[in-house]
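# Structural characterization, general
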Amino acid sequence: MKNTYDVIIIGAGAAGMTAAIYTSRRMLKTLIISKDLGGQASLATEVENYPGFTETTSGFEIMQKFNQQAKKFGAEFIFDEVKTIQPQNNIFQVETNNQTYKAKTIILAFGLTPRDLNVFGEEKFKGKGVSYCATCDSLFYKNKIVSIIGGGNAALDATLLLSKIAKKVYLIHRRNEFRGDEILIQKIKKQKNVQFILNSIIKEIKGDEFVKSIIINNVDNKSEKEIATNGVFIEVGFEVKANFVKNLVDLDEKNQIITNKHCETSRPGIFAAGDATDIHYKQIIISAGEGAKAGLSAYKYIQAKENLKTSGLDWGEKKLKGKSKK
């Protein structure tokens, strides 16, 4: 039936697309629903620790390869936002902004959402100088002045990227030490157009139609100053926005989806993988591995429900034909 699938995967990051590769190879009709392609992984400008890539690459490039591979095995992609998931007679009904879909199983792999700074002017200037994605928006700031807020790897990655594009880059952090990798810090220190503003927080974003300046406050002496800037990149971490599934599956105190070692949630038929779950480490390679487990668990669940024989190996679609129903 149209709009009916074996598996619906919510999220097109490392976990979601890996899950799609595995479910599609098992001849399961698979749909990925996501607001973007690549998720948080696509924002990394330099990736040096992904196995198989001996040269530095970008998260965007890796995610493009994931996408191509998932499509190769038949996964379908829809760019949309899921509003609700409702269990109905052993299937799940998924409502998006534009359509209704049904599936035998669900894999939640929607990852993390950029955390707001919650300062005056932030909401007003979203998309008008306030950005949460340096990879997406950096080229709009060629030869301009930008300010980056944060002290982790995301902020350091954004700083390194924009130092090659913008005329001037301010890196503003509330502490006097960064939480990111030392190798990134050393690379940034070599960029002559980057200025560190430490022990400082942003208090207000100002402008008319677009961002013109920011007010920053020194946390030690409480002094304030205004800095002219054309763009503000907010890189203060991510959070799990899982309220749309809070009545479906168990969440922990951080709103993360609780899973077991098979990527099963508290509700049969719903699986979860990647950064939206309670796994401790948030890395591309780990999300990909969890996505593979979730895809295989969804396959096993369907086979058990339909009293079909389950293969313990990843045969691929050619070898699976005629095997799964033996």
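Heads up: these notes are all about the structure in this document. None of the values given here were measured: they were computed from a predicted structure. (Residues numbered from 1 in each chain as written. Predicted model: local features only at pLDDT ≥ 70, side-chain atom pairs only at ≥ 80, totals over all residues. Heavy atoms only, no water.)

A separate point is the sheet that holds strand β12 (residues 200-207). Read across the open sheet, the 3 strands follow the order β12-β13-β14; overall the sheet is antiparallel. Because the sheet does not close on itself, it has two edges, and the strands there are β12 and β14 (224-228). Within the sheet, the average angular offset between the axes of one strand and its neighbour, ignoring direction, is 25 degrees. (Pairing = 2+ DSSP bridges. Helix = DSSP H or I, 4+ residues; strand = E, 2+ residues; numbered from the N terminus. Axes fitted to C-alpha atoms, helices over the stretch in contact; angles between N-to-C directions.)

Right, let's talk about the side chain of Glu122 for a bit. Within the secondary structure layout, Glu122 lies in the loop between β7 (113-114) and β8 (130-131). Among buried Asp, Glu, Lys and Arg side chains, Glu122 stands out as unpaired, with Lys126 the closest opposite charge at 5.1 Å. (Buried < 20%, exposed > 50% of the residue type's maximum accessible area, 1.4 Å probe, protein only. Lys, Arg positive; Asp, Glu negative; His and termini not counted. Salt bridge = Lys/Arg side-chain N within 4 Å of Asp/Glu carboxyl O.)

The next subject is the sheet that holds β8. The strand order across the open sheet formed by 5 strands is β8-β15-β9-β10-β11, and the pairing between neighbours is parallel. Two strands bound the open sheet, and with one partner strand each, they are β8 and β11 (194-197). Inspection of the sheet shows strand β10 (residues 168-172) paired to β11 by 4 bridges, in the parallel sense. Bridge pairing in β11 links Ile172 to Ile197.

In this section: the pattern of salt bridges. One pass over the full model with this rule turns up 8 salt bridges. For Glu48, the salt bridge is made with Lys187, and the minimal N-O distance between the two is 3.5 Å. One end of the pair, Glu48, is in the loop between β2 (30-34) and α2 (59-72); the other, Lys187, is in helix α5 (residues 182-189), and 139 residues separate them in sequence. Lys187 gets classed as partly exposed once you look at its relative accessible area, which sits at 25%. Put simply, Lys203 and Glu224 hold a salt bridge, and the shortest N to O gap is 2.5 Å. Here Lys203 is found in strand β12, whereas its partner Glu224 is found in strand β14, with 21 residues between them in sequence. You can call Glu224 partly exposed: its relative accessible area is 43%.

On to the packing of helix α1 (residues 14-25) against α2, then. It is at 9 Å that the axes of α1 and α2 come closest, and there the two elements cross at 25 degrees. In terms of their interaxial angle, α1 and α2 are classed as roughly parallel. α1 and α2 meet at a crossing whose hand is left-handed. Residues Ala14, Met17, Thr18, Ala20, Ile21 and Ser24 of α1 form the contact with α2, whose participating residues are Met63, Phe66, Asn67, Gln69 and Ala70. Within the contact of α1 with α2, the residues separate by chemical class into 7 nonpolar, 4 polar and no charged. (Parallel < 35°, antiparallel > 145°, perpendicular 65-115°, else oblique. Left-handed = near helix turned anticlockwise from the far one by under 90°. Contact = heavy atoms within 4.5 Å. Nonpolar A, V, L, I, M, F, W, Y, C, P; charged D, E, K, R; others polar.)

Moving on, we get to helix α6 (residues 284-305). Look at α6: 32 Å from first C-alpha to last across 22 residues, which is about the 32 Å you get at 1.5 Å a residue. With its phi angle positive at about 55 degrees, Asn307 sits one or two positions after the end of α6. (Expected span 1.5 Å × (residues − 1).)

Moving on: the pairing of strand β6 (residues 100-108). Of the strand pairs in this sheet, strand β1 (residues 4-10) and β6 are connected by 6 bridges, and their pairing is parallel. Counted as the bridge partner of Ile8 is Ile106 from β6. The sheet contact formed by strand β5 (residues 91-96) and β6 spans 4 bridges and is antiparallel. Bridge assignment links Glu95 to a residue of β6, and that residue is Thr100. Taking the residues that link successive antiparallel strands as the turn, the β5-β6 hairpin has 3 residues. Pairing between β6 and strand β17 (residues 270-272): 3 bridges, direction parallel. Paired with Ile107 across the strands is Phe271, a residue of β17.

What follows is about the packing of aromatic side chains. Within this structure, the stated rule accounts for 7 aromatic pairs. Between Tyr5 and Tyr101, the aromatic rings sit 6.5 Å apart at their centres with planes inclined by 55 degrees, giving tilted as the arrangement. With Tyr5 in strand β1 and Tyr101 in strand β6, the pair connects residues that are 96 residues apart, well separated along the chain. The same class applies to Tyr5 and to Tyr101, which are both buried. (Phe/Tyr/Trp six-rings, centres within 6.5 Å; stacked < 30°, edge-to-face > 60°.)

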